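Chain by chain, the residues run as shown.
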Amino acid sequence: MTSTPLFRVAAATAIVGVLALAGCTAASDPVPSPSVTPAAAGCVANPTAAVAAKARDRTQSALPAKTVAALDAAAQKAFELGASPGAIVGVRTPQGTWTKAYGSADPATNTPMAVGMHTRIASLTKMYTATIVLQLAEEGKLSLDDTIGRYIPGIPNGDRITLTQLADMTSGLASYTMNEALLDKYFADPSAVFTPEEVVKAGVELSPLYAPGTSFNYSNTNTALLGLVIEKVTGRSIADELQQRIFDPLHLRNTSWPGTSAAIPEPYAHGFTLNGNTATPDAPTDSTDWNPSWTFTSGEIISDIDDLLTMGRALGTGQGLVDAKTQKARLTSFSEIGYGFGMSCSNGWVGHTGDVSGYNTSLFYDTSTDTTVAVQTNSDIASGGCTQSPTLTDDPGDAICQTPAVRILVALSGQLGTAYEPPPRS
């Protein structure tokens, strides 16, 4: 967004408020994630072609100047309509790569946003977690038809809920972010460390919402359980599994798992939110140092734009992650609501969005044009004609209510051919 007094005083200290209806911070009635769009069954027109896309090195030449000019103009306009002090965008196509930063990484110190800065990527983490589950299935260490009760006791309908139903959000388990007692505890002290078992218990207390496989509910409890399954099956920490199975093979040198640490590797962008006991539309809270442990395998990962572009293409093609058969199954797993095995789909774009207090991220791969778009913003504050999502008092947004990274994603994808269409946000 353009410079405003709101972010000049954004060093305000912190703690609770309302939560966004997405990703790790969802805290209202069961609703689809902003990654989910209706009528997406058969969303990927040609899974075979997507899997067979020509492998290429992450180091590429720049996109043509005319293309860059159009993308830059679209991103700049969308950025100015959003409610984030800064943004980093990246586009990678068969013709080349373009990245650029906009605005401020820390308005309190006038630090500009820069390509290469780290941010929390929130619910994009779900795609990484689900990918490891697929890898373990390929290795015969588990079956996607296994029930969660085989690994974790005390789960309602645990003898019926399969690992697939956890991954595609049809388990019927409530998201722990719906548990007001947990939220009160977290926001009373955002530096607190939570265990995976603690957050899962908070989700279980509100479950089941429906019989397994009969409906859809975006739930962080599902992916936290998958993380616990990974650790039980492998006998290793999720940090080690992510490093060995995803970060190292794809050479993601700037992607990390913070665990119980609130630290973000330098350089990083400060995050701003309207969550917090003292946060107001006039003074968003700097939530950079809020501990991410409560998000576990639903939302802890930290990354930068180049690594996101690499990961986005790997997730879309399966290359470097899973075999062709598994990837085709993943690309055909999307239901009518647009969510599949740990990822979503809209108009052929596969990926995820993520919100956590202070950060909003989008990562999508267009299976029809072999194009990846990544957007990092250091605010999870929506803008536009929002009736429920809180906005800034000087909100410059248009009639469409959107979070900043999603707004920019829509603008960039529109310039690249078929636009990504997010579901309505209120």
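Given the structure is predicted, the values throughout are model-derived calculations rather than measurements. (Residues numbered from 1 in each chain as written. Predicted model: local features only at pLDDT ≥ 70, side-chain atom pairs only at ≥ 80, totals over all residues. Heavy atoms only, no water.)

(A) Local environment of the nonpolar core. Judged by nonpolar contacts, the single largest core of 74 residues is most densely connected at Tyr 128, Ile 148, Ile 155, Leu 225, Leu 242 and Ile 246. Ranked by residues supplied to this core, first place goes to helix H4 (residues 125–138) with seven residues. In this structure Ile 155 touches Ile 148, Ile 161, Leu 173, Val 200, Val 204 and Leu 225, once residues within four positions along its chain are discounted. Core analysis: the second largest hydrophobic core is formed by 19 residues, Leu 71, Ala 78, Ile 408 and Tyr 420 among them. (Core = buried A, V, L, I, M, F, W, Y, C linked by side-chain atoms within 4.5 Å. Buried < 20%, exposed > 50% of the residue type's maximum accessible area, 1.4 Å probe, protein only. Helix = DSSP H or I, 4+ residues; strand = E, 2+ residues; numbered from the N terminus. Contact = heavy atoms within 4.5 Å.)

(B) The arrangement of the pattern of salt bridges in detail. Inspection of the entire model under this criterion finds 12 salt bridges. The salt bridge partner of Asp 306 is Arg 92, with a shortest N-O separation of 2.8 Å. Pair noted here: Asp 306 is in helix H11 (residues 305–317) and Arg 92 is in strand S1 (residues 86–93), with a separation of 214 residues, a long-range link. A salt bridge links Asp 146 to Arg 150; the shortest N-O distance between them is 3.0 Å. Under the relative-accessibility criterion, Asp 146 is labelled buried at 9%. Among the residues examined, Arg 150 registers a relative accessible area of 59% and is labelled exposed. Taken together, the shared-partner salt bridges in this structure form one network comprising Glu 139, Lys 141, Arg 236, Glu 241 and Arg 245. (Salt bridge = Lys/Arg side-chain N within 4 Å of Asp/Glu carboxyl O.)

(C) Up close: the state of the cysteines. Inspection of the entire model under this criterion finds two disulfides. Through a disulfide, Cys 43 is tied to Cys 345; the S-S separation comes to 2.0 Å. In this structure the cystine formed by Cys 43 and Cys 345 twists about its S-S bond by roughly -80°; its chirality is therefore left-handed. Note that Cys 43 is positioned in the loop between helix H1 (5–8) and helix H2 (47–51) and Cys 345 in strand S8 (residues 344–346), a separation of 302 residues in sequence. Each member of the pair, Cys 43 as well as Cys 345, carries the same accessibility label: buried. Here the bonded cysteines of the chain are numbered in sequence order, and their pairing is 1-2, 3-4. (Disulfide = S-S within 2.5 Å.)

(D) How the structure looks around the side chain of Ser 123. Relative to the helices and strands, Ser 123 is located in the loop between strand S4 (119–120) and H4. A distance of 2.8 Å separates a polar atom in the side chain of Ser 123 from a polar atom in the side chain of Lys 126. A distance of 3.1 Å separates polar atoms of two side chains, one belonging to Ser 123 and the other to Tyr 218. (Polar contact = N/O pair within 3.5 Å; in protein donor to acceptor, adjacent residues only side chain to side chain.)

(E) Structural view of the packing of aromatic side chains. In total, this model carries 12 aromatic pairs according to the counting rule given. Considering the side-chain rings of Phe 216 and Tyr 339, the 5.9 Å spacing of their centres and the 50° angle between planes classify their relative orientation as tilted. One end of the pair, Phe 216, is in the loop between helix H7 (196–204) and helix H8 (220–234); the other, Tyr 339, is in the loop between helix H12 (324–331) and S8, with 123 residues separating them in the sequence. When its relative accessible area of 1% is taken as the criterion, Tyr 339 is described as buried. (Phe/Tyr/Trp six-rings, centres within 6.5 Å; stacked < 30°, edge-to-face > 60°.)

(F) Just the packing of H11 against H12, in detail. Two elements in contact, H11 and H12, have axes separated by 8 Å at closest approach and are oriented at 90°. Taken together, the axis directions place H11 and H12 in an arrangement best described as roughly perpendicular. On H12, the residues touching Leu 315, Gly 316 and Thr 317 of H11 are Gln 327, Arg 330 and Leu 331. Partitioning the contact of H11 with H12 into residue classes produces two nonpolar, three polar and one charged. (Axes fitted to C-alpha atoms, helices over the stretch in contact; angles between N-to-C directions. Parallel < 35°, antiparallel > 145°, perpendicular 65-115°, else oblique. Nonpolar A, V, L, I, M, F, W, Y, C, P; charged D, E, K, R; others polar.)

(G) Region of interest: the sheet that holds strand S10 (residues 359–366). Overall, antiparallel pairing links the seven strands, which are arranged S3-S2-S1-S11-S10-S9-S8 in an open sheet. Edge strands, defined here as strands with exactly one partner in the open sheet, are strand S3 (111–112) and S8. Summarising the sheet, S10 and strand S11 (residues 371–377) pair through seven bridges and their orientation is antiparallel. Its bridge partner lying in S11, Thr 361 is registered against Gln 376. (Pairing = 2+ DSSP bridges.)

(H) Main features of unusual backbone geometry. In the segment running from Ser 207 into Pro 208, the intervening peptide bond is cis, with an omega of 0°. Secondary-structure assignment places Pro 208 in the loop between H7 and H8. Cis peptide bonds are those with omega within 30 degrees of zero, and the linkage from Glu 266 to Pro 267 qualifies with -10°. Following the sequence through the fold, Pro 267 ends up in the loop between helix H9 (238–247) and strand S5 (272–273). Non-glycine residue Phe 296 carries a positive phi angle of around 45°.

(I) Local environment of the pairing of S11. Of all seven residues in S11, seven are buried; the element is thus mostly enclosed. Every second residue of S11 is oriented toward a common face, with Thr 371, Val 373, Val 375 and Thr 377 on one face and Thr 372, Ala 374 and Gln 376 on the other, all of them buried. Two strands pair when backbone bridges link them, and S1 and S11 are joined in this way by six bridges, in the antiparallel orientation. When the sheet's bridge partners are listed, Ile 88 is paired in S11 with Gln 376.

Everything listed is a geometric property; what it means functionally is a separate question.
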